[in-house]
Amino acid sequence: MALTVEVGIFLATAISQQKSQFGYGFKLGTERLKNLLINLPMMTDNSNYPDFKFMKDYINSLPNGDLL
């Protein structure tokens, strides 16, 4: 599945949820971003791939999600 606007919004939100790890003097730079672990929903068939369909469907199910 290709990266869609909905998946991008889901990923951006997942990354911003970890902002509490990066306080004053410990900013999220390029090097730290490379090592950041992002918790994503995984596919149920044990293929170790993120479930992009779930992410897209979740964003569309939110109030006003159809306006994206």
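Predicted model, so just to flag it, every value in this text is computed and none were measured. Counting from 1, residues in each chain are numbered in the order their sequence is written. Given that the model is predicted, a residue must reach a pLDDT of at least 70 before its local features are reported, and side-chain atom pairs must reach 80 or more before they are shown or counted; all residues, however, enter totals for whole chains, interfaces and linings. Each side-chain value is worked out from all heavy atoms of the structure, with water and hydrogens disregarded.

Draft legend 1. The environment of Thr4, seen in detail. Mapped onto the elements, Thr4 comes out in the segment before helix 1 (5–16). Spatially, the C-alpha atom of Thr4 lies 25 Å from that of Glu31, the residues being 27 residues apart in sequence. Runs of H or I in DSSP of at least four residues are treated as helices and runs of E of at least two as strands, each being numbered from the N terminus.

Draft legend 2. Looking closely at helix 1. By this rule the span expected of a helix is its residue count minus one, scaled by 1.5 Å. Between the first and last C-alpha of helix 1 there are 16 Å, a value that for 12 residues agrees with the 16 Å anticipated at 1.5 Å per step. Here the term buried applies to any residue with accessible area under 20% of the maximum for its type, exposed to any over 50%, and partly exposed to those in between, with areas from a 1.4 Å probe on protein chains only. The complete set of buried residues in helix 1 reads Glu6, Val7, Phe10 and Ala14. Around the axis of helix 1, the buried residues are gathered within 100° of arc, so they sit on the same side. Whether two residues are in contact is decided by their heavy atoms, any of which lying within 4.5 Å being enough. At its buried positions, helix 1 is contacted by helix 3 (52–61). Here the arc refers to the directions that run from the helix axis out to each C-beta atom.

Draft legend 3. Fine view of a nonpolar patch on the surface. Patches here are clusters of residues that have more than 30% relative accessible area and form no salt bridge, with a 9 Å joining cutoff for like charges and a 5 Å cutoff for nonpolar side chains (Val, Leu, Ile, Met, Phe, Trp, Tyr). Per-residue and other accessible areas follow the Shrake-Rupley method at a 1.4 Å probe size, with only the shown protein chains counted as cover for residues. Salt bridges are identified by distance alone: a Lys or Arg side-chain nitrogen within 4 Å of an Asp or Glu carboxyl oxygen. A cluster of nonpolar side chains, contributed by Phe54, Tyr58 and Leu62, occupies part of the molecular surface with about 270 Å² of accessible area. On the basis of relative accessible area, Phe54 is assigned to the partly exposed category, the value being 40%.

Draft legend 4. Highlighting the pattern of salt bridges. Applying the stated criterion across every chain yields a total of one salt bridge. For Lys53, the salt bridge is made with Asp57, and the minimal N-O distance between the two is 2.8 Å. One end of the pair, Lys53, and the other, Asp57, are both in helix 3, four residues apart, so they sit about a helical turn from each other. Residue Lys53 is classed as exposed on the basis of its relative accessible area of 52%. What makes Asp57 partly exposed here is its relative accessible area of 38%.

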